[in-house]
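# Overview (structure and organization)
Take a look at the letters that make up each chain.
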Amino acid sequence: MSSAVVNADDELEPTLQSILDQKSLRWIFVGGKGGVGKTTTSCSLAIQLARVRRSVLLISTDPAHNLSDAFSQKFGKEARLVEGYTNLSAMEIDPNGSIQDLIGQADDQEGEVAGGMGMMQDLAYAIPGIDEAMSFAEVLKQVKSLSYETIIFDTAPTGHTLRFLQFPTVLEKALAKISALSTQFGPMLNGILGANGGLPNGQSLPEMMEKLEGLRETISEVNGQFKDENMTTFVCVCIPEFLSLYETERMIQELANYNIDTHSIVVNQLLFPKAGSDCDQCNARRKMQKKYLGQIAELYDDFNVVKMPLLVEEVRGKDRLESFSEMLIKPYVPPAGGL
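Everything numeric in this text was worked out from a predicted model, so none of it was measured.

All right, on to the state of the cysteines then. This model, assessed by the stated rule, comprises one disulfide. Put simply, Cys279 and Cys282 are joined by a disulfide, and their sulfur atoms are 2.4 Å apart. The chirality of the disulfide connecting Cys279 with Cys282 is right-handed, given an S-S dihedral of about 65°. Taking the relative accessible area as the measure of exposure, Cys279 reaches 24% and is therefore partly exposed. On the basis of relative accessible area, Cys282 is assigned to the partly exposed category, the value being 28%.

Turning to the pairing of strand β6 (residues 232-238), a few remarks are in order. For β6, a buried count of seven out of seven residues is recorded, marking the element as mostly surrounded by other parts of the structure. Side chains of β6 alternate between two faces, with Thr232, Phe234, Cys236 and Cys238 and Thr233, Val235 and Val237 buried alike. Pairing of strand β1 (residues 27-31) with β6, which is carried by five bridges, proceeds in the parallel orientation. Directly across from Phe29, in β6, lies its bridge partner Phe234. Alignment of β6 against strand β7 (residues 264-270), held across four bridges, turns out to be parallel. Its bridge partner lying in β7, Cys238 is registered against Val267. What joins β6 to β7 is helix α10 (residues 242-257), and the crossover it makes is right-handed.

Next up on the list: the packing of aromatic side chains. Under the definition given, this model contains nine aromatic pairs. Pairing Phe29 with Phe234 gives two aromatic rings, centres 5.9 Å apart and planes at 10°, and the pair type is stacked. Placement of the pair is Phe29 in strand β1 and Phe234 in strand β6, with a sequence separation of 205 residues. Residue classification places Phe29 among the buried residues on the basis of a relative accessible area of 2%. The buried category is assigned to Phe234, whose relative accessible area is 0%.

Quick look at helix α2 (residues 38-50) now. With 13 residues, α2 should reach 18 Å at 1.5 Å per residue; the first-to-last C-alpha distance of 18 Å fits that figure. Summarising burial for α2: 12 of the 13 residues are buried, a large majority. Buried residues of α2: Lys38, Thr39, Thr41, Ser42, Cys43, Ser44, Leu45, Ala46, Ile47, Gln48, Leu49 and Ala50, and no others.

Right, let's talk about helix α12 (residues 318-329) for a bit. Helix length check: α12, at 12 residues, gives a terminal C-alpha distance of 17 Å against a target of 16 Å (1.5 Å per residue), a fit within 8%. For α12, the full list of buried residues reads Leu321, Glu322, Phe324, Ser325, Met327, Leu328 and Ile329. Packed against the buried residues of α12 are α1 (17-21), α2, α3 (67-71), β7 and β8 (304-309).

This next bit is on the layout of surface pockets. What the largest pocket holds in volume is close to 480 Å³. Counting only elements with at least two residues in the lining of the largest pocket, the list comes to α2, α3 and β7. For the lining of the largest pocket, the element with the highest residue contribution is α2, accounting for three residues. Of the residues contributing to the lining of the largest pocket, the split by class is eight nonpolar, eight polar and seven charged.

Conventions and cut-offs
- Residues numbered from 1 in each chain as written.
- Predicted model: local features only at pLDDT ≥ 70, side-chain atom pairs only at ≥ 80, totals over all residues.
- Heavy atoms only, no water.
- Disulfide = S-S within 2.5 Å.
- Buried < 20%, exposed > 50% of the residue type's maximum accessible area, 1.4 Å probe, protein only.
- Helix = DSSP H or I, 4+ residues; strand = E, 2+ residues; numbered from the N terminus.
- Pairing = 2+ DSSP bridges.
- Right-handed = clockwise from strand over helix to strand, strands pointing away.
- Phe/Tyr/Trp six-rings, centres within 6.5 Å; stacked < 30°, edge-to-face > 60°.
- Expected span 1.5 Å × (residues − 1).
- Contact = heavy atoms within 4.5 Å.
- 1 Å grid on protein atoms, 1.4 Å probe; cavity = no way out; pocket = protein on both sides within 12 Å on 5 of 7 lines; lining within 4 Å.
- Points joined across faces, edges and corners; volume = space filled by probe spheres on them.
- Nonpolar A, V, L, I, M, F, W, Y, C, P; charged D, E, K, R; others polar.

Structure (structure tokens):
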């Protein structure tokens, strides 16, 4: 838990207000099991942050992008202002690939050049997670140049998110292997490339390696920031069910291994049936939810645990997202008679 956020003796509020108050935060990850409301939570948190920050960028790294649906506005791989805001932007990136942009489109080449570059691509693709690592690295490089005050990541489901957090190590391994290949076959490739006009986009082999090394330096810097509790935090999103709680605990343990701060949990889709309700399904599910809420309280007594209700309507569009976002900051109060 970050001492920069709360003292150990203080009772933690069931809100995300501490994230808004921590002005030094630059990177905020929002993650959890699929279908628990990560996108709704990340969009709502971004809205609240935009009220107290100079500029906020919301990035979706989930292959099944939902930002466009949430805001009812089309987003792509370039940052675009969210309609109705002057300091909140969003973008959706493809987590698969961009490595071809780095080592050249060998498919467009002919003869020996294609064979030489194809060999480098085969090596790169053989490294697990290299596509995601390269893509993420390129995004971070772009984000750094855009100078947003705060960046929020709406991440993919847990497994993909944990792989993302391993990307510095993956990239280091990739660079080492590509560098070794360049050393071994460099003279041959340089000869081939010189005779055939060089790499795609006019790059030479040394230029390509220089670009990769530049990425490595960017990744090293950002990785240091990710492990700084004053600059980075991870918001876990779950629902009060066994599998979601299990994945949340697994993710929190992994985050601890990566030295990434996490002290906030958002519990979505809570039922609050009225006292005396004759809805058997509602009462049974609420009973189950109360059991898991009890477990969450025991496991995470040093976390800000935010309890969000299951709403009748979908949370889509600016107005509904703003209403939902208020409950991240001000604890939800069930209607009179609710359990």
